[in-house]
Amino acid sequence: MSFSELEYMVKRISSNVSLPLSVDLESGYSRNADEIVAHIKKLNNLGVVGINIEDSIVGKSRRLLDAEKFAQLLSELVKSLKKEEVDMFVNARTDTFLLGVVNTMKETKRRIHLYENAGVYGIFVPCIEKESDIKEVANATKLPINVMCMPKLPNFMTLKTLGVQRISMGNFVFDHMCGQFKTKVEEIQTQQSFKPIF
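Once a new chain begins, its residue numbering starts again from 1 and follows that chain's sequence as written. Given that this is a predicted model, residues contribute local features only at a pLDDT of at least 70 and side-chain atom pairs are listed and counted only at 80 or more, while totals for whole chains, interfaces and linings are drawn from all residues. Remark: hydrogens and water are excluded; side-chain values derive from all non-hydrogen atoms of the structure.

> Please explain the packing of aromatic side chains as it appears in this structure.
The description of an aromatic ring pair uses the distance of the two centres, along with the angle that the planes make with each other. Stacked, edge-to-face and tilted are the three classes for Phe, Tyr and Trp ring pairs, Trp counted by its six-membered ring, which pair at centre distances within 6.5 Å; planes under 30 degrees apart are stacked, over 60 edge-to-face, the rest tilted. By the definition in use, this model includes 3 aromatic pairs. Ring geometry for Phe 3 against Tyr 29: centres 5.8 Å apart, planes inclined by 70°, an arrangement best described as edge-to-face. Of this pair, Phe 3 sits in helix α1 (residues 3-14) while Tyr 29 is found in the loop between β1 (21-24) and α2 (33-45), placing the two residues 26 residues apart along the sequence. Going along the chain from the N terminus, every DSSP run of H or I of four or more residues is numbered as a helix, and every run of E of two or more is numbered as a strand.

Set out below in structure tokens:
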């Protein structure tokens, strides 16, 4: 979707919830720091208190951005937001595990170090699952670590013990619900009755 579509959706959500609202800004909807800051300010004006911004972009396929250039972008964003007194939790997402890059852990820690030095407030590592990997990542930074719902992800108490402070559900719960909805509709059609839902 375009940023204007995202902004519309966020406005509808923000007007109907009282919980702190965090928004996935994907890769920023731009490669220009000033434009991304303008996007973040618009979200902040809607009541958003946190954003995820990721170090990969999607074209014909998803690919990682250059780590140093992305860190520089993050630094510019954080400095601009502070200068303009925009209170926003910037969560940097690194897609090394998601994309299964070579030497995944080494590259993940390298990127975490760069992003931490850029001044972000949290690190998001989607698709990490192993306890040993999660512990190693958590020990590599002083920043709060965010993981994502995955089939082999440890339970919440174990994650807390490992140092995780934030968990994202991604689209998985929604997809699961849609799958159940589809199954029930098919049962209704097959049985020509509404009994499957009662």
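Back to the text.
> Help me understand the pairing of strand β2 (residues 48-54) in this model?
Each regular strand displays side chains that alternate between the two surfaces of the sheet. Residue exposure (1.4 Å probe, protein chains only): buried if accessible area is under 20% of the type maximum, exposed if over 50%, otherwise partly exposed. Most of β2 sits out of view: 6 of its 7 residues are buried. For two strands to be treated as a pair, DSSP must find no fewer than two bridges joining them. Pairing of β1 with β2 involves 4 bridges; the strand directions are parallel. Note on β2: the bridge partner recorded for Ser 22 is Gly 50. A right-handed crossover is one whose linking path, passing over the helix from the first strand to the second, runs clockwise when the strands point away from the viewer. Between β1 and its parallel partner β2, the chain crosses via α2, and the hand of that crossover is right-handed.

> Whenever I open this one, helix α6 (residues 131-139) confuses me. Can you help?
Because each turn of an α-helix spans 3.6 residues, side chains separated by three or four positions in sequence point in the same direction. Along α6, the residues classified as buried are Asp 133, Ile 134, Val 137 and Ala 138. All buried residues of α6 project into a common sector of 130° when viewed along the axis, lining one side. Pairs of residues are marked as contacts when any of their non-hydrogen atoms sit within 4.5 Å. Residues of α6 that are buried sit in contact with α4 (96-99), α5 (104-117), β7 (145-148), α7 (156-162) and β8 (164-168). Here the arc refers to the set of directions running from the helix axis out to each C-beta atom.

> What should I look at first to understand the environment of Asp 175 in this one?
For Asp 175, the location among the structural elements is in helix α8 (residues 172-191). A distance of 2.4 Å separates polar atoms of two side chains, one belonging to Asp 175 and the other to Asn 171. Polar contact criterion, stated in full: a pair of N or O atoms within 3.5 Å, where within protein one must be able to donate a hydrogen and the other to accept it, and residues adjacent in sequence count only if both atoms are side-chain atoms.

> How should the environment of Asp 133 be read in this particular structure?
For Asp 133, the position within the fold is in helix α6. C-alpha of Asp 133 to C-alpha of His 176: the two residues are 43 residues apart in sequence and 26 Å apart in space. In this structure Asp 133 touches Phe 97, Met 105 and Ile 128, once residues within four positions along its chain are discounted.

> What is the right way to read the packing of α5 against α6 from this model?
Working note: a packed helix pair is described by the angle between its axes plus the distance between those axes. A fitted line through C-alpha atoms serves as each axis, taken over the contacting stretch for helices, and the angle formed by two N-to-C directions is quoted from 0 to 180°. Viewed as axis vectors pointing N to C, α5 and α6 meet at an angle of 25°, and their least axial separation amounts to 10 Å. In terms of their interaxial angle, α5 and α6 are classed as roughly parallel. The handedness of the crossing between α5 and α6 is right-handed. Where α5 abuts α6, its residues Met 105, Thr 108, Lys 109 and Ile 112 lie against Asp 133, Glu 136 and Val 137. Under the scheme applied here, ten amino acids are nonpolar (Ala, Val, Leu, Ile, Met, Phe, Trp, Tyr, Cys and Pro), four are charged (Asp, Glu, Lys and Arg), and all others, including Gly, are polar. Class assignment of the residues belonging to the contact of α5 with α6 gives a composition of 3 nonpolar, 1 polar and 3 charged. Throughout, the term roughly parallel applies to angles under 35 degrees, roughly antiparallel to angles over 145, roughly perpendicular to angles from 65 to 115, and oblique to all others. By definition, any crossing whose near helix is turned counterclockwise from its far helix by less than a right angle is left-handed, and any crossing with a clockwise turn is right-handed.

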